[in-house]
Amino acid sequence: MIRLSYNLIHFIVSNTCRQRKLKCDEAFPVCQRCSKAQRYCDRSGRPTSASRSSARKDLGLEEGLSLDHTPREALESSNLANYFRHYISNVAPWYDLSDSQCCFSTEVPMVALDEPLLFSAVIALSAMVISRTTAPSARAVAETYHTRCIRDLIDLDSEDVLIKKGVALAATCLLRSYEILSEGRDPNRHLKGAFSLASQFQNYLDGPSRGLLHSGFWNYLREDITFSLFGNCPLKIDLDPIPKLCNISSDQDHLNAISLVLGRIINAMIGSTTESAEDTWELMWSYVKDRLSDLPAHFEPFSRASNLTSLSRLPALHMLKACHAASRHYCLVSIAVLAIYAPSSLQIDELASFVSSLGFLIGTITTREDLLEHIGLEICGIAFTSSEPPVLVNSFGPISYCAKHLRAEASQQQVVRHLTVSRKATGWPIEQIISDLQQHWTAASSVS
């Protein structure tokens, strides 16, 4: 067996296979049975009595406390209390980007005080962020509470009240971010099938429109969009049953509305056949035009540095709110996807003319490549002018998808520098984003 620094024991045989009384091939870290069945492969065990004292020290638990204590009892540990506070102050705002009630900053901590599932997710994510920004040793705490949270999710019944109230969905949103931070790639390695928790949202559309389930759904969708833009693949979630948002009462609702439009466009265009994309292109474009036309004037930048409109420099674009920046990002990504899949130059001209008339893009656009480059510059300019962690975290998907169309070396270098700085602020694994962008830029320059 392998003993890790935080003294959890990883057995050769998968605990998941053992509990199901299945033969395990003992592949590590994920056995083939769990991989094929898309199940979480549990390789952890409970600490032995001999290792508990050392484990408490590694996990920041004072003497007398253990993982078996309630969240309120666990928070008597000053270290865990600091992780909990860090979540509220620094991490939760990522998830309140599209929620005017700020449920992830307010309701999630309150529920987590009495609900071990959500408490484990909060501590796991907060400790992982800290481990990637200031204190690498916090990773032991992150991994331990992540394992505990996954186990609690596995044990949930489909009719469990934690699912119906959105607590499980909120925990899943936090764990998806955890796994991106932890592994740098697929946030669904342990959470395949979790999209069913978000899919149930359609069953609650006629009920109260706010709360943890509501906020969890929109966060899950934005996380799904981010991963789809990373991987250039369709969403995990099927948006066809979700109707168009009609009752828009806040700026955050506008972000949710354009998120839904972008999700539909990704599913309709990316990964589809050329013929299928052409058939739905006009419909998708009508969705975008409606959204762009409905955006209030205060969603526009309140300042644009006029001397930074050169294609060799990123523009300086100042937005009033973080949700305005994210809304503009998603509008621009929607246009970029449509530009890539546009059947002819006529559609490119229509896209360029419409967005220019609304002031979304400034400059001369005559080709598909021009349009995509302007979009990439605009997205990067908005993200890096803001530098707010919620805007940056939500922008990594749009940047990875659109910045690859930048053609000037000077602007490419600026993007790399800004991404490197954002790694220190958010802990996100931007190394893979930079690598993918550089490979694309190199390939594009060799062709031209």
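Heads up: the structure comes first, above all this text.
Read on for a plain summary of the structure. (Residues numbered from 1 in each chain as written. Predicted model: local features only at pLDDT ≥ 70, side-chain atom pairs only at ≥ 80, totals over all residues. Heavy atoms only, no water.)

**Topic: the overall build of the chain**
Line of reasoning, step 1. In terms of regular secondary structure, the chain is built from 20 helices and 5 strands.
Line of reasoning, step 2. For the chain, the proportion of contacts with a sequence separation of at least 24, taken over those separated by at least 6, is 67%.
Line of reasoning, step 3. Summing over all exposed atoms, the chain offers an accessible surface of approximately 19,100 Å²; the carbon and sulfur share of this is 51%. (Helix = DSSP H or I, 4+ residues; strand = E, 2+ residues; numbered from the N terminus. Contact = heavy atoms within 4.5 Å. Areas by Shrake-Rupley, 256 points an atom, 1.4 Å probe, with all protein chains shown as cover.)

**With respect to empty space enclosed by the protein**
Line of reasoning, step 1. Scanning the model with the defined rule gives 3 cavities of 30 Å³ or more in all.
Line of reasoning, step 2. By volume, the largest cavity amounts to about 160 Å³.
Line of reasoning, step 3. As for the largest cavity, its lining consists of Trp-94, Tyr-95, Ser-177, Ile-180, Asn-219, Arg-222, Glu-223, Thr-226, Pro-390, Val-393, Asn-394 and Trp-428.
Line of reasoning, step 4. Within the residue set of the lining of the largest cavity, elements represented by two or more residues are helix 5 (78–95), helix 10 (167–183), helix 12 (212–231) and helix 18 (389–402). (1 Å grid on protein atoms, 1.4 Å probe; cavity = no way out; pocket = protein on both sides within 12 Å on 5 of 7 lines; lining within 4 Å. Points joined across faces, edges and corners; volume = space filled by probe spheres on them.)

**Some words on the packing of helix 17 (residues 368–386) against helix 18**
Line of reasoning, step 1. Between helix 17 and helix 18, the shortest axis-to-axis distance is 10 Å and the interhelical angle comes to 160°. On the basis of the axis angle, helix 17 is roughly antiparallel to helix 18. The hand of the helix 17/helix 18 crossing is left-handed. Facing Leu-372, Ile-375, Gly-376, Ile-379, Cys-380, Ala-383, Phe-384 and Ser-386 of helix 17, the residues of helix 18 in contact are Val-391, Leu-392, Ser-395, Pro-398, Ile-399 and Cys-402.
Line of reasoning, step 2. Within the contact of helix 17 with helix 18, the residues separate by chemical class into 11 nonpolar, 3 polar and no charged. (Axes fitted to C-alpha atoms, helices over the stretch in contact; angles between N-to-C directions. Parallel < 35°, antiparallel > 145°, perpendicular 65-115°, else oblique. Left-handed = near helix turned anticlockwise from the far one by under 90°. Nonpolar A, V, L, I, M, F, W, Y, C, P; charged D, E, K, R; others polar.)

**Some points on the packing of helix 7 (residues 116–133) against helix 19 (residues 409–426)**
Line of reasoning, step 1. At a minimum axis distance of 7 Å, the contact between helix 7 and helix 19 shows a crossing angle of 135°. Considered as vectors, helix 7 and helix 19 are oriented oblique to each other. Between helix 7 and helix 19, the contacting residues are Val-129, Arg-132 and Thr-133 on the first element and Arg-423, Lys-424, Ala-425 and Thr-426 on the second.
Line of reasoning, step 2. Of the residues contributing to the contact of helix 7 with helix 19, the split by class is 2 nonpolar, 2 polar and 3 charged.

**Some thoughts on the packing of aromatic side chains**
Line of reasoning, step 1. Across all of its chains, the model carries 8 aromatic pairs by this definition.
Line of reasoning, step 2. Each ring, one from Phe-84 and one from Phe-119, has its centre 6.0 Å from the other, and the planes form 35°; the classification is tilted. In this pair, Phe-84 sits in helix 5 while Phe-119 sits in helix 7, placing the two residues 35 residues apart along the sequence. This pair shows no difference in class: Phe-84 is buried, exactly as Phe-119 is. (Phe/Tyr/Trp six-rings, centres within 6.5 Å; stacked < 30°, edge-to-face > 60°. Buried < 20%, exposed > 50% of the residue type's maximum accessible area, 1.4 Å probe, protein only.)

**Section: the pattern of salt bridges**
Line of reasoning, step 1. Inspection of the entire model under this criterion finds 13 salt bridges.
Line of reasoning, step 2. Note that Asp-294 is salt-bridged to Arg-291, the shortest N-O span being 3.1 Å. Of this pair, Asp-294 and Arg-291 both sit in helix 14 (residues 274–294), 3 residues apart, roughly one helical turn.
Line of reasoning, step 3. By relative accessible area, Arg-291 is classed as buried at 5%.
Line of reasoning, step 4. We note a salt bridge from Arg-304 to Glu-378, for which the minimum N-O separation is 2.6 Å. On the criterion of sequence distance, the pair formed by Arg-304 in strand 4 (residues 303–304) and Glu-378 in helix 17 is long-range, its members being 74 residues apart.
Line of reasoning, step 5. What makes Glu-378 buried here is its relative accessible area of 3%.
Line of reasoning, step 6. Taken together, the shared-partner salt bridges in this structure form one network comprising Arg-176, Glu-223 and Asp-224. (Salt bridge = Lys/Arg side-chain N within 4 Å of Asp/Glu carboxyl O.)

**Concerning the side chain of Asp-370**
Line of reasoning, step 1. As for its position among the elements, Asp-370 is in helix 17.
Line of reasoning, step 2. Asp-370 sits in the buried class, given a relative accessible area of 14%.
Line of reasoning, step 3. A polar side-chain atom of Asp-370 sits 2.8 Å from a polar atom in the side chain of Arg-407.
Line of reasoning, step 4. Those residues in contact with Asp-370 that sit more than four places away from it in its chain are Thr-364, Ile-365 and Arg-407. (Polar contact = N/O pair within 3.5 Å; in protein donor to acceptor, adjacent residues only side chain to side chain.)

**Here's the deal with unusual backbone geometry**
Negative phi characterises most residues that are not glycine, and trans characterises most peptide bonds.
Line of reasoning, step 1. Of note, Cys-102 is a non-glycine position whose phi angle comes to about 55°, a positive value.
Line of reasoning, step 2. Structurally, the position occupied by Cys-102 is in the loop between helix 5 and helix 6 (103–112).
Line of reasoning, step 3. A relative accessible area of 30% means that Cys-102 is categorised as partly exposed.
Line of reasoning, step 4. Even without a glycine there, the phi angle at Ser-387 is positive, about 60°.

**Considerations on the side chain of Arg-264**
Line of reasoning, step 1. Structurally, Arg-264 is set in helix 13 (residues 251–269).
Line of reasoning, step 2. Among the polar contacts listed, one links the side chain of Arg-264 to the backbone oxygen of Ile-242, at a separation of 2.4 Å.
Line of reasoning, step 3. With near-sequence residues (within four places) excluded, Arg-264 lies in contact with Leu-239, Asp-240, Ile-242, Pro-243, Lys-244, Met-284 and Tyr-287.

**Some remarks on the environment of Lys-424**
Line of reasoning, step 1. Relative to the helices and strands, Lys-424 resides in helix 19.
Line of reasoning, step 2. Distance from Lys-424 to Arg-132, taken between C-alpha atoms, is 7.9 Å for residues 292 residues apart in sequence.

**Some remarks on helix 12**
Line of reasoning, step 1. Taking 1.5 Å of rise per residue, the 20 residues of helix 12 would be expected to cover 28 Å, and the 28 Å separating its terminal C-alpha atoms lies within 8% of that figure.
Line of reasoning, step 2. Of all the 20 residues making up helix 12, 18 are buried; the element is thus mostly covered by neighbouring parts of the structure.
Line of reasoning, step 3. The positive-phi residue at the C-terminal boundary of helix 12 is Asn-232, with phi of around 50°. (Expected span 1.5 Å × (residues − 1).)

**Some words on the environment of Gln-413**
Line of reasoning, step 1. In this fold, Gln-413 is placed in helix 19.
Line of reasoning, step 2. Between the C-alpha atoms of Gln-413 and Gln-438, which are 25 residues apart in sequence, the distance is 9.6 Å.

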